[in-house]
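What follows is the residue order along each chain.
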Amino acid sequence: MKREFNREVQRETYPISRGDHMRQHIAFLHTSPVHVETFERLVRAANPAIKIEHVVAEDLLAEAQSVGPADPALVARVQDAMKSAASNGAAIVACTCSTIGGAAEKTPTDGRFIAARIDRAMADRAVKLGPHILVVAALESTLKPTVDLIQESASAVGINTEIQLVLASDAWPHFTNGDREAYIEAVVQAVRTAPRTANVIVLAQASMASAAESLRELGVEVLSSPRIGVQSLLACLGQ
C-alpha cells in the first residue's frame, strides 16, 4: 500500500527483543517508489503474515539535498511523516533513506512505535568488520549522515574507525532517469577505482544493494542496508 501523509520514546537501539506480544506490523518511509518492492519482498520472504505498509515521500529527499538533512523545518517534516506512517498501528516505522535517516530515527513517539533507520544495523556490522571502512554514496547529501551513523556505532562500542569516502556522482542521474543497470554499474566502477585499503565496504544508499554482488571480487565484505536492516526489524518483532 502506498499512502501520502503529513504528521518522542527516547531513541531505542535495536534489534530489541519485544516478544510475540508485539504487533506484527511494519511501516516503511521511502523517498523513492523503487524501494517498495525490495522491502516488501524481503519481509514477505521472512514472514508472509506480517502486515506491511509503504509511504513514499520523494519530496523529503529533494528538500534534504537543497537545505541539508539537519534543517529544522525538514527534520520536523520527516518526523511528521514517520508519525503519519505509524497512524494505522505499525509497531515499527523504518526510514529507508540514509540522508534523512537520522532525523527519522529521532522521531518522538511517546512509546507508540519504534522509529528506526534501515541502515543502523549495517553501520553496526561495518564497525565490527573495520576499522578501515569505505563508504560509497551517489548523493553527496548522504555522505555525512552515513559517516555520523558509523561514528556513533563505533563510539557505542569503543572502537576507532578510519572512514574513506567515495562519491559516485556520475551514478545518480542514471537513477533519476530510471536506468537501474547503468546506475549500479556506475557505482561499481566508482568503488573499483578507489584505493583498496578498506576492511569493509558500505553501500550507503539502499538503492545500491544490487552492486554488492559485482563487488565480491574485491575480497572484502560489501554491506548494503535492505537485507540486514530488515533482519534487525524482524528481531524487534521477536521473529
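Below, the structure is looked at part by part. Everything numeric in this text was worked out from a predicted model, so none of it was measured.

### Thoughts on helix α3 (residues 72-85)
Taking 1.5 Å per residue as the helical rise, α3 with its 14 residues ought to reach 20 Å, and the 20 Å between its terminal C-alpha atoms agrees with that figure. Restricting attention to buried positions, one finds in α3 the residues L74, V78, Q79, A81, M82, S84 and A85. The opening residue of α3, the one whose side-chain oxygen lies 3.2 Å from the backbone nitrogen of A73, is D71.

### Points about unusual backbone geometry
The peptide bond linking G130 to P131 adopts the cis configuration, its omega dihedral lying at 15°. Relative to the assigned elements, P131 resides in the loop between α5 (120-129) and β6 (132-137).

### A closer look at the packing of helix α2 (residues 58-67) against α3
Relative orientation of the contacting elements α2 and α3 amounts to 160°, with a least axis distance of 10 Å. Taken together, the axes of α2 and α3 lie roughly antiparallel to each other. Where α2 crosses over α3, the two elements pack in a sense that is left-handed. Touching D59, L60, E63, A64 and V67 of α2 are L74, R77, V78 and A81, all from α3. Of the residues in the contact of α2 with α3, the class split is 6 nonpolar, no polar and 3 charged.

### Considerations on the sheet that holds strand β7 (residues 162-167)
What the 4 strands build is an open sheet, ordered β7-β6-β8-β9; its pairing is parallel. In this open sheet, the two strands that pair with only one neighbour each are β7 and β9 (221-224). Adjacent strand axes in the sheet meet at a mean angle of 25°, parallel and antiparallel pairs treated alike. Pairing of β6 with strand β8 (residues 200-203), which is carried by 4 bridges, proceeds in the parallel orientation. Looking at the pairing, V135 lines up with V202 of β8. Where helix α6 (residues 140-157) meets the sheet, it contacts β6, β7 and β8, and its direction lies at approximately 165° from that of β7. With respect to the sheet, helix α8 (residues 180-192) is in contact with β6, β7 and β8, its orientation differing from that of β6 by roughly 150°.

### A short note on the pattern of salt bridges
Counted according to the given criterion, the structure contains 12 salt bridges. Taking the shortest distance from any N to any O, the salt bridge between D110 and R112 comes out at 3.5 Å. With relative accessibility at 43%, the residue R112 sits in the partly exposed group. Taking the shortest distance from any N to any O, the salt bridge between D148 and K144 comes out at 2.7 Å. Placement of both D148 and K144 in helix α6 is noted, with a separation of 4 residues, approximately one turn of the helix. A relative accessible area of 58% means that K144 is categorised as exposed. Through salt bridges with shared partners, a single ionic network connects D59, E63 and R77.

### Some words on the pairing of strand β5 (residues 114-117)
Alternating residues of β5 divide into I114 and A116 and A115 and R117, and every residue in both groups is buried. The sheet contact formed by strand β4 (residues 92-95) and β5 spans 4 bridges and is parallel. Residue pairing for β5: C95 is matched across the bridge by R117.

### Observations regarding the environment of I118
Of note, I118 is situated in the loop between β5 and α5. The class for I118 is buried, based on a relative accessible area of 2%. Along the backbone, I118 and G229 are 111 residues apart, and their C-alpha atoms lie at a distance of 4.8 Å. Beyond its immediate sequence surroundings of up to four residues, I118 is in contact with F28, F39, C95, T96, S225, G229, V230 and L233.

### Side note on the packing of aromatic side chains
Pairs of aromatic rings are described using the distance from one ring centre to the other and the angle between the two planes. For the structure shown, the criterion picks out 4 aromatic pairs. Look at F28 and F39: their rings are 5.2 Å apart centre to centre, the planes differ by 40°, and that puts the pair in the tilted class. Placement of the pair is F28 in strand β2 (residues 25-30) and F39 in helix α1 (residues 34-46), with a sequence separation of 11 residues. Both rings, one in W172 and one in F175, keep their centres 4.5 Å apart while their planes meet at 20°; by these two values the pair is stacked. Here the residue W172 and the residue F175 both occupy positions in helix α7 (residues 172-176), the gap between them amounting to 3 residues, near one helical turn. For the pair shown, W172 and F175 are each scored as buried.

Criteria and thresholds
- Residues numbered from 1 in each chain as written.
- Predicted model: local features only at pLDDT ≥ 70, side-chain atom pairs only at ≥ 80, totals over all residues.
- Heavy atoms only, no water.
- Helix = DSSP H or I, 4+ residues; strand = E, 2+ residues; numbered from the N terminus.
- Expected span 1.5 Å × (residues − 1).
- Buried < 20%, exposed > 50% of the residue type's maximum accessible area, 1.4 Å probe, protein only.
- Polar contact = N/O pair within 3.5 Å; in protein donor to acceptor, adjacent residues only side chain to side chain.
- Axes fitted to C-alpha atoms, helices over the stretch in contact; angles between N-to-C directions.
- Parallel < 35°, antiparallel > 145°, perpendicular 65-115°, else oblique.
- Left-handed = near helix turned anticlockwise from the far one by under 90°.
- Contact = heavy atoms within 4.5 Å.
- Nonpolar A, V, L, I, M, F, W, Y, C, P; charged D, E, K, R; others polar.
- Pairing = 2+ DSSP bridges.
- Salt bridge = Lys/Arg side-chain N within 4 Å of Asp/Glu carboxyl O.
- Phe/Tyr/Trp six-rings, centres within 6.5 Å; stacked < 30°, edge-to-face > 60°.

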